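Each chain, written out:
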Protein chains: 2
Amino acid sequence: MALIVQKFGGSSVADAARVMNVARIVTDTYKAGNDVVVVVSAQGDTTDDLIEKAHEINANPSKREMDQLLAAGEQMSISLLAMAIEKLGFPVRSLLGWQAGFNTNSVYGAARIKNIRTNRLEAEIAKHNIVIVAGFQGINRYNDLTTLGRGGSDTSAVAIAAVLHADKCQIFTDVEGVYTADPRKVENAQKLDEITYDEMLQLATLGAQVLNNRSVEMAKKYSVELEVLSSLNPVPGTIVKEKIKMEKMLIRGVTKDTDVAVISIVGLSDNPGVAFKVFSKLAQKKINVDIILQSVGRDGTKDLSFTVSRENGPLAIAQLEEMSIIEGKKITCKTDAAKVSIVGAGMESHPGTASTMFEALYAQNINIQMISTSEIKISVIIDEKEADRAVSAVHDAFIPNE
Amino acid sequence: MALIVQKFGGSSVADAARVMNVARIVTDTYKAGNDVVVVVSAQGDTTDDLIEKAHEINANPSKREMDQLLAAGEQMSISLLAMAIEKLGFPVRSLLGWQAGFNTNSVYGAARIKNIRTNRLEAEIAKHNIVIVAGFQGINRYNDLTTLGRGGSDTSAVAIAAVLHADKCQIFTDVEGVYTADPRKVENAQKLDEITYDEMLQLATLGAQVLNNRSVEMAKKYSVELEVLSSLNPVPGTIVKEKIKMEKMLIRGVTKDTDVAVISIVGLSDNPGVAFKVFSKLAQKKINVDIILQSVGRDGTKDLSFTVSRENGPLAIAQLEEMSIIEGKKITCKTDAAKVSIVGAGMESHPGTASTMFEALYAQNINIQMISTSEIKISVIIDEKEADRAVSAVHDAFIPNE
């Protein structure tokens, strides 16, 4: 007998039929002799609908009241799922974030879990109840509701698995697992049986939206074994854990991220501290910079290019224009770029990986604008309109067509 | 400076425009120098919609999970109203039932308030925040959400007014106050300036759906002055309190209740204990009996007639048919009856009241089937199809046409 945490996203419980489907998955797991704790997101578009209702009334409401509003979304989904499980004849209790003991800090809209008081959870499990927990939410020290921000339900699930020392944390989604590339775009994309936390983190950061990054970080920190699998198709998914068996594949996946703006400053004076000043100015506004390229120019100048999210592009430029060292320099912001990346722990010991990637792009006549590498990742910036072709070409160069 | 509790029902906050309207009423009261605590119901049809969603999944869900689900309704309305008040630039905090300290017993779906821990409410008022409280809900000793049942938000408002010793509790509805009869049916119906708790209780019981009975009982018990008024039309409403000034009107209102089934048993043996046995049998199934008429029959028999709600009619008959003393007796259930009543504390000292009422009905050739009287009320059972005509006739006989 094991303790299994199962997490279902909003699309998995979008309507009555899907709620019943989830109830069957949960009760099948329970019938097999397991204790089951289920974490659920709000149904379908509920959260977006609530945000829209709020904005009809106030375009800029306080984050406290927004959290009070949004937390109602999971309240509805957990009670409906509990009713579905009751209908199948199993003992069940739904718990709101605060009832399940989720204590967070007070950053409304993006709260961090401080601790989970597990007494209620443990009492319900001891009574052999299936426990349904509202993901995404908790309370702060003032007894006010908070939400954990984007992907918060994944984090809730991993946190419960960690504090209860669950045997496994299953994340149910609408895909069957983690793929070497987006299967809707790349015909030859293959589902991975296993992947390491670090590889998963890289994939998540690079735009593969299967798992929320904070949840993977937390799973790594507390050694929670994750499984990503489909709520609609009952086949084994992808296991995420610390160490995995040797694989024939050099890389684990190819990703595309189009949320990229490339900012370039031409003709900066070639003095020490210029890069420091530029990036600390951006950090003041919490603008994350991803890839940085600095080239030596002529006549004692240098050029600086870097990428930020598209949303942050105008803000970054406004920040730069306030700086005296930028005065009179040409600044451009290019928003038709995309980042294509390969990820895989195996590439550390294979020096040829980068050249294989670049060769595949060259064969497609795709121009590389910027390059960034880490131990387990290589990213290139290219034209957005060539991105899908680039992903396919790079994928086929690395992943054996089975 | 006074402390005013204001309660708004679901239709008063049904959409964004109405929420803004309520926000203006609340902030006007606050601007006038008052502390304001607002109690809100769920928006419009939210509660019914949630019940429907639940029943799509499970026709008979547990009441615990139903309360968990329904409590989300007020959670949404309080946060949206708080955002509307923020938009107008006033300090505000929304509080869920449990955050506002509402402790109840564990009768899910019809919980009773045990106490209100006022520390949070008082702290927010001390900070000069407008406080928005979710009506209809609380928590029990297990930290599970409960709801107070039909009209529960009225009860929440009166309870807060009682524990905080508020100067007034204003109940905003879609009518301008309490009328001598239904103004949509009786042309000459008049709004009352004042009415006593007891009269209001009689009117509520008799089908005037302005105020929930439990809330009036609680207001009477704790001497909370109520005002019933319109959220759409800013004119003075009706004050409900213990003693009111002498009025020219003998009666306070005429009501019609069509939720009446008349059950008759003919030829019961005329022995002691027969009535006791019949009504204790009905009480076993919690069937409320209203008017009872027992007539002496012939040959040592008697006839028994009584009224129940139409919903309870078939259940009452099923109960009776199980009884040996009923065997072979004729039982009828008549569902085309209505109850017309007059209410007024003044009638106690006016012996002619009943005859004035009966004369008015006689003049319309309306036959009276049953009669029931109390100190401040006279009810008659008549044919349903004559009920509206009866109300008008009785109203005109008592209420001066202004």
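Use the structure listed above.
Residues numbered from 1 in each chain as written. Chains lettered and ligands numbered in written order. Predicted model: local features only at pLDDT ≥ 70, side-chain atom pairs only at ≥ 80, totals over all residues. Heavy atoms only, no water.

> Sorry, what's going on with the pattern of salt bridges here?
Should the charged atoms of two oppositely charged side chains come close, the side chains can pair. By the definition in use, this model includes 44 salt bridges over all chains. Between R120 of chain B and D144 of chain A there is a salt bridge, with its nearest N and O atoms 2.8 Å apart. Taken together, the residues span two chains, with R120 of chain B in helix α4 (residues 119-126) and D144 of chain A in the loop between β7 (137-139) and β8 (145-147). Taken as a pair, R120 of chain B and D144 of chain A share a single burial class, namely buried. Across the pair R64 of chain B and E65 of chain B runs a salt bridge whose closest N-O atoms are separated by 2.8 Å. Residues joined in a network through salt bridges with shared partners are R64, E65 and D144 of chain A together with R120, E124 and K127 of chain B. (Salt bridge = Lys/Arg side-chain N within 4 Å of Asp/Glu carboxyl O. Helix = DSSP H or I, 4+ residues; strand = E, 2+ residues; numbered from the N terminus. Buried < 20%, exposed > 50% of the residue type's maximum accessible area, 1.4 Å probe, protein only.)

> Teacher, can you tell me more about the sheet that holds strand β2 (residues 35-40) of chain B here?
Strand pairing within a sheet occurs via backbone hydrogen bonds; the two strands may be parallel or antiparallel. Residue and element names in this part refer to chain B. As summarised here, the arrangement of the 8 strands in space is β3-β6-β2-β1-β9-β11-β12-β10, forming an open sheet in which the pairing is mixed. What marks the edges here is a single partner per strand, and that holds for β3 (92-95) and β10 (194-196). The sheet shows a mean angle of 20 degrees between the axes of neighbouring strands, taken without regard to direction. Looking at chain direction, strand β9 (residues 168-173) and strand β11 (residues 226-230) are connected through 5 bridges and run parallel. Pairing of C169 across the sheet is with L226, part of β11. (Pairing = 2+ DSSP bridges. Axes fitted to C-alpha atoms, helices over the stretch in contact; angles between N-to-C directions.)

> Could you clarify how one ought to interpret the relation of the copies chain A and chain B in this entry?
Between the two copies of the chain lies a rotation about an axis combined with a shift along it. Mapping chain A onto chain B calls for a rotation angle of 180 degrees and an axial translation of 0.2 Å; the resulting RMSD is 0.2 Å. Here the transformation between the copies is reduced to the relation of a two-fold axis. Within chain A, A72 of chain A has its C-alpha nearest the rotation axis, a separation of 2.6 Å. Most of the interface of chain A is mirrored in chain B: 100% of its interface residues are interface residues there too. (Least-squares fit on C-alpha atoms with pLDDT ≥ 70 in both. Contact = heavy atoms within 4.5 Å.)

> What should I look at first to understand the interface of chain A and chain B in this one?
Often, the extent of an interface is quoted as the loss of accessible area on bringing the components together. With 42 residues of chain A at the contact, the number on the chain B side is 42 residues. Here chain A packs against chain B, burying approximately 3,400 Å² in sum over the two surfaces, 58% of which is carbon and sulfur. The interface formed by chain A and chain B includes 2 salt bridges. The interface formed by chain A and chain B holds 22 residue pairs in polar contact (both at pLDDT 80 or more) in total. The set of elements that each furnish at least two residues to the side of chain A that touches chain B consists of α1 (16-31), α2 (46-57), α3 (63-87) and β3 (92-95) of chain A. Considering every element that reaches the side of chain A that touches chain B, the biggest residue donor is α3 of chain A, with 17 residues. Partitioning the side of chain A that touches chain B into residue classes produces 24 nonpolar, 9 polar and 9 charged. (Buried area = accessible area lost by both parts, 1.4 Å probe. Polar contact = N/O pair within 3.5 Å; in protein donor to acceptor, adjacent residues only side chain to side chain. Nonpolar A, V, L, I, M, F, W, Y, C, P; charged D, E, K, R; others polar.)

> So what exactly am I meant to see when it comes to the side chain of T353 of chain A here?
All names here are of chain A. Checked against the element boundaries, T353 lands in helix α10 (residues 353-363). For T353, a relative accessible area of 3% corresponds to the buried category. Apart from the residues within four sequence positions on either side, T353 is in contact with L250, I251, I342, M347, I378 and F398.

> So what exactly am I meant to see when it comes to the pairing of strand β6 (residues 130-134) of chain B here?
Along a regular strand, successive side chains alternate from one face of the sheet to the other. All names here are of chain B. Of all 5 residues in β6, 5 are buried; the element is thus mostly enclosed. Neither face of β6 is left uncovered, since the one carrying I130, I132 and A134 and the one carrying V131 and V133 both have all their residues buried. Sheet topology note: the β2/β6 ladder contains 4 bridges and is parallel. Along β6, the bridge assignment pairs V38 with I132. Looking at chain direction, β3 and β6 are connected through 4 bridges and run parallel. Among the inter-strand pairings, L95 is bridged to a residue of β6, identified as V133.

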